[in-house]
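Geometric and topological summary
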Amino acid sequence: TKLVSRYKLSAGSISAGVTAEKDAGEKLLSGNPSLPDFLSGNLCYTGKGVIQKLIIGDFSVRFGAGTNINTSFRTALPLTSQSFQPVRDDIRPYTSAEENRFFRGVGGSFRYGKACLSLFYSTLPVDGSVDPATGFITGFNTSGLHTDSVTMSEKDNINKNALGANLMLNFGSFATGVTCSLTKFSSPLQPDRENGNVNPDFGSSDYSFYLSGVIKKLIISFEVTADEN
């Protein structure tokens, strides 16, 4: 039996939410203290001044066209909307029961005039396997299922740290921005020797520039992203 429970509380500019999930075959409560297999929560402040949004807990992020950072599942494009922009900068509370595509820490957006600065820091345990002989990460388990000894041994086995910053300038019909992000794992990734990569890698740094605009009925949008190499 699969069980999902969500609770949200709002009071003015403050909101809080909790999501709990148990997949079929998993224990309802486990560990010490006894908790659901997946438990997510957040506390959010939404303002109209310099501080647009401040979130503590679990949150999702998308900057630009999403080639650098995008934890959103939304794919539909509202082309009929007069305010449509192909790029979108957004930090919002995480309310899904999907166990991989989110950040856990603190994030916020700050606006002054036409500029909006978004910052976040996250540290999240993720499922995966580490070779005890080499210490390399050999794979990640993104199913979210913990129903046997193998998947239980992989649960929260790797720590994923991430931080990012985005600066966007909005000129009404045009918007442009830059994004920087850093991801680092607690163990090195196994080298991809078949493609000539022989050095272990703990993560990556990525940098993006994007531009989006509307000229009458013409929509223009592009984004370019590169890593430290």
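Notes on the structure follow. (Residues numbered from 1 in each chain as written. Predicted model: local features only at pLDDT ≥ 70, side-chain atom pairs only at ≥ 80, totals over all residues. Heavy atoms only, no water.)

Moving on: the overall build of the protein. When helices and strands are counted, the protein shows 1 helix and 13 strands. Each helix (α) and strand (β) of the protein, taken in turn from the N terminus, gives the series β-β-β-β-β-β-β-β-β-α-β-β-β-β. By residue count, 34% of the 229 residues in the protein fall in the buried class. Taking all contacts inside the protein whose residues are at least 6 apart in sequence as the whole, residues at least 24 apart take part in 58%. Taken as a whole, the protein presents about 13,300 Å² of accessible surface, with 59% of it coming from carbon and sulfur. (Helix = DSSP H or I, 4+ residues; strand = E, 2+ residues; numbered from the N terminus. Buried < 20%, exposed > 50% of the residue type's maximum accessible area, 1.4 Å probe, protein only. Contact = heavy atoms within 4.5 Å. Areas by Shrake-Rupley, 256 points an atom, 1.4 Å probe, with all protein chains shown as cover.)

On the surface, Ile-14, Leu-43, Tyr-45, Val-50, Ile-51, Leu-54, Ile-56, Val-106, Tyr-112, Tyr-121, Leu-163 and Leu-182 cluster together into a nonpolar patch covering about 1,100 Å² of accessible area. Those elements that place two or more of their residues in the nonpolar patch are β3 (38-46), β4 (51-62) and β6 (103-112). The element best represented in the nonpolar patch is β4, accounting for 3 residues. Counting through the fold element by element, Tyr-45 comes out in strand β3. (Patch = residues over 30% accessible without salt bridge, like charges linked within 9 Å, V, L, I, M, F, W, Y side chains within 5 Å. Salt bridge = Lys/Arg side-chain N within 4 Å of Asp/Glu carboxyl O.)

This brings us to the side chain of Ser-118. On the secondary structure map, Ser-118 appears in strand β7 (residues 115-126). Discounting residues that sit within four places of it in the chain, Ser-118 has contacts with Phe-63, Ile-91, Gly-108, Ser-109, Gly-164, Ala-165 and Asn-166.

All right, on to the pattern of salt bridges then. Two side chains with opposite charge may pair up if their charged atoms get near one another. Applying the stated criterion across every chain yields a total of 6 salt bridges. Ionic pairing is found between Asp-37 and Lys-155, a salt bridge with its closest N-O pair at 3.8 Å. Taken together, the residues Asp-37 in the loop between β2 (14-22) and β3 and Lys-155 in the loop between α1 (149-154) and β10 (158-170) connect sequence positions 118 residues apart. Judged by relative accessible area, Asp-37 falls into the buried class, the value being 10%. Between Asp-90 and Arg-92 there is a salt bridge, with the nearest N and O atoms lying 2.6 Å from each other.

What follows covers the pairing of β4. Here β3 pairs with β4 via 5 bridges, running antiparallel. The residue of β4 that forms the bridge with Leu-43 is Ile-56. Linkage of β3 to β4, two consecutive antiparallel strands, is achieved through a turn of 4 residues. Relative to β6, β4 runs antiparallel, the two being bridged by 8 bridges. By the bridge assignment for β6, Leu-54 is matched with Gly-108. In terms of strand pairing, β4 meets strand β5 (residues 90-93) through 4 bridges, oriented antiparallel. Residue pairing across strands places Arg-62 opposite Asp-90, the latter belonging to β5. (Pairing = 2+ DSSP bridges.)

Right, let's get into the pairing of strand β9 (residues 137-140). Bridge count for strand β8 (residues 128-130) against β9 is 3 bridges, and the pairing is antiparallel. From the neighbouring strand, Gly-128 faces β9, where its bridge partner is Phe-140.

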